[in-house]
Amino acid sequence: MVFVKTHDISELNQELIGKEVVLGGWIEDLRKLGKMSFITLRDVSGRSQVIFKGELNDNLDEINRQSVVSIRGIVQETKARDFTFEIKADEIEVLGKAIHPLPVDPIGRLESNIDTRLNHRALDMRNQKTSSIFKLRHHVLQSLRKTLAGKKFIEITTPKIIGSASEGGADLFSLDYFGKTAYLAQSPQLYKEQMTIGLERVFEISNFYRAENSHTGRHLTEFTSIDIEAAFMNYEDVMNILESLVLSVYKDVSENCKTEQEAIEHTIKVPSAPFERITYTQCVEELKKAGEKVEFGDDLLDAHLRIIGQNHPGFFFLTDWPMKLKPFYIREKDEDVTLSRSFDLQYGFLELSSGGTRLHNPDMLKERLKEQGLDPNQFTDHLKTFDWGMPPHSGWGMGLDRLMTTLIGIDNVREVVLYPRDPDRLSP
Ligand code: AMO
């Protein structure tokens with residue numbers, strides 16, 4: 001038989017009853033009942049029951065579950081509870097044999113731990129929970145792009161192999177680049193700022209790299225970041241964009257991905273808005289009241305953020321951080337130069353995004369680099385663009401993987417990344 005798939009399983013409909021179709025998929029289940037067999041055939045779009053009788057039935061013995069097959073047969077109505085249609089098979093061809101036993105059970109009857117599933121990720125994708133997570137991720141990406149484009153942001157792609165650090169010196173992966181040292185970009189920070197010169201509003205959704213030796217459910221060495229940068233906007237403006245983007249993606253996915261939500265057994269609820277905005281200084285006061293030894297200027301530790309997160313569950317902005325805790329490109333407040341025009345978007349204790357108004361005076365930028373122990377000579381290519389008519393600008397970066405965990409109600413980013421990279425995991 002020449003394999004020509006005529007329909008996806010989800011395309012079977014009333015009008016096809018009595019007609020011949022060719023389906024392609026994998027065998028999720030195979031039950032032999034004497035002279036008849038029932039196969040549950042699955043493709044990416046759904047499942048169908050296929051009935052085998054006579055000679056065909058006798059030849060099914062050698063076909064393992066999860067093998068990929070093409071089936072030619074006639075569509076008919078069914079009395080089976082879980083299906084609307086079934087196929088009376090006339091021909092079956094095995095296109096890809098699956099070994100038995102398989103290293104993980106894609107039906108999920110036998111649960112495997114996350115490491116085992118990640119080691120066999122392609123097969124894990126036949127588990128409906130896992131594939132639904134990645135269908136949701138796909139939908140989230142589409143939704144983000146649509147909303148940002150609707151707000152007149154232009155999608156850009158910046159280099160990932162770079163000659164000097166984008167976020168300061170720490171956490172950089174270096175590599176040999178034809179005898180020179182190159183680095184893997186930690187963020188698109190400098191390039192996205194530069195692009196506001198001619199494109200005004202830009203966004204990028206790409207992978208970035210952090211050589212952080214962290215072993216938590218929220219840190220990866222390669223993560224996907226959604227970044228924006230906008231000319232003629234301040235940090236309040238870009239916070240508003242971030243809030244409306246989060247709300248629109250939640251709404252879109254909650255309304256349009258019902259099947260996936262059923263598969264992962266989680267209902268996505270649109271968060272209430274506006275998101276609360278609390279300042280760093282208020283946070284320090286709250287922490288002191290809770291008995292924590294913390295002073296203005298101290299970074300907020302995980303334990304601190306857990307207390308704050310308990311006081312403010314869900315999404316909230318944490319604004320106006322001390323300048324000394326912020327990267328060199330963040331601008332101070334006019335009324336108090338110890339404070340910055342910056343924010344983090346939190347989901348409870350989890351930091352989802354950070355951003356702010358940027359410093360756009362090149363002399364001050366050079367000073368700030370020196371104050372932070374960075375060498376302005378390493379940033380000449382960036383600094384010179386500030387002499388070419390740089391508009392005032394602001395932006396933020398948000399971790400897509402972390403956002404996905406909030407959407408689907410889990411606490412490990414490894415569940416939402418195809419092949420996660422962390423200090424212990426470099427393959428597959
Ligand atoms: P920052 O370093 O705070 O800011 O990163 C922005 C967001 O990216 C995500 N993120 C990570 N996710 C998983 N694993 C990691 N190791 C990891 N590191 C960061 C987080 C974080 O909030 N250039 C600035 C943003 C800006 O000002 O525009 C930046 O990179 O969700």
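## Thoughts on the packing of aromatic side chains
What the rule picks out here adds up to 10 aromatic pairs. Considering the side-chain rings of Y250 and F315, the 5.6 Å spacing of their centres and the 90 degrees angle between planes classify their relative orientation as edge-to-face. Of this pair, Y250 sits in helix α6 (residues 235–256) while F315 sits in strand β13 (residues 315–319), and the two are 65 residues apart along the sequence. Judged by relative accessible area, which is 3%, Y250 ranks as buried.

## Focus on the environment of F379
Within the fold, F379 resides in the loop between α10 (362–371) and α11 (380–385). For F379, a relative accessible area of 4% corresponds to the buried category. Taking the C-alpha atoms as reference, F379 lies 67 Å from A89; in sequence the two are 290 residues apart. The contact partners of F379, leaving out residues within four places of it in the chain, are A165, L190, F328, L369 and L374.

## A look at the nonpolar core
Grouped together as the largest cluster of nonpolar side chains are 46 residues, with contacts concentrated most on V140 and W396. Top contributing element to this core by residue count: α6, with 11 residues. L12, L41, F52 and I92 belong to the second largest nonpolar core, which has 21 residues in total.

## Considering the domain arrangement of the protein
Domains assigned within the protein are domain 1 (9–96) and domain 2 (128–154 + 215–416). Taking the mean C-alpha position of each, domain 1 and domain 2 sit 48 Å from one another.

## Details of the site of the ligand
Taken together, 22 residues sit near the ligand, with E167, Q189, K192, E351 and S354 positioned nearest. Within the contact set of the ligand, a nitrogen atom lies 2.6 Å away from a side-chain nitrogen or oxygen of Q189. Out of a free accessible area of 630 Å², the ligand has 92% covered by protein chains. Taking a 2 Å distance to the grid points as the criterion, the majority of the atoms of the ligand fall inside the largest pocket. Broken down by secondary-structure element, the contributors of at least two residues to the shell around the ligand are α5 (189–199), β15 (350–357) and β16 (393–399).

## Quick word on the sheet that holds strand β7 (residues 161–162)
Pairing is antiparallel in the open sheet, where three strands are placed in the order β7-β9-β8. Looking at strand neighbours, the two that pair on one side only are β7 and β8 (174–177), the edges of this open sheet. For β7 and strand β9 (residues 180–184), the ladder comprises two bridges, and the chain directions are antiparallel. Looking at the pairing, I161 lines up with L184 of β9.

The rules behind these values
Residue indices begin from 1 for each chain and proceed along its sequence in written order. Side-chain atom pairs in this predicted model are given and counted only at pLDDT of 80 or more, local residue features only at pLDDT of at least 70, and totals for whole chains, interfaces and linings cover all residues. Heavy atoms throughout the structure, all of them, feed into the side-chain values; hydrogens and water do not. Classification of ring pairs rests on two measures: the distance between centres of Phe, Tyr or Trp rings, Trp counted by its six-membered ring, which must be within 6.5 Å, and the angle between planes, read as stacked under 30 degrees, edge-to-face over 60 and tilted in between. Each helix is a run of DSSP H or I of at least 4 residues and each strand a run of E of at least 2, with the numbering of both proceeding from the N terminus. With a 1.4 Å probe rolled over the protein chains alone, any residue whose accessible area is under 20% of its type maximum counts as buried; one over 50% counts as exposed, and the rest are partly exposed. Any two residues whose heavy atoms approach within 4.5 Å are treated as being in contact. As used in this record, nonpolar core signifies buried Ala, Val, Leu, Ile, Met, Phe, Trp, Tyr and Cys residues forming a set joined through side-chain atoms within 4.5 Å. The domain limits used here are those given by an automatic or database domain assignment. Here a residue is near a molecule or strand as soon as one of its heavy atoms is found within 4 Å of it. Polar contact is the term for a pair of N or O atoms within 3.5 Å; when the atoms are in protein, one must be able to donate a hydrogen and the other to accept it, and sequence-neighboring residues count only if both atoms are side-chain atoms. Residue burial considers only the protein chains on display, and all accessible areas are found by Shrake-Rupley using a 1.4 Å probe. A pocket, in this scheme, is an open set of points on a 1 Å grid over the protein atoms alone with protein on both sides within 12 Å along at least 5 of 7 lines, while a cavity is a set where a 1.4 Å probe fits but cannot get out; residues line either one if an atom lies within 4 Å of a point. Here the criterion for a molecule occupying a pocket or cavity is that more than half of its atoms lie within 2 Å of the pocket grid points. In short, DSSP must find at least two bridges between two strands for them to pair.

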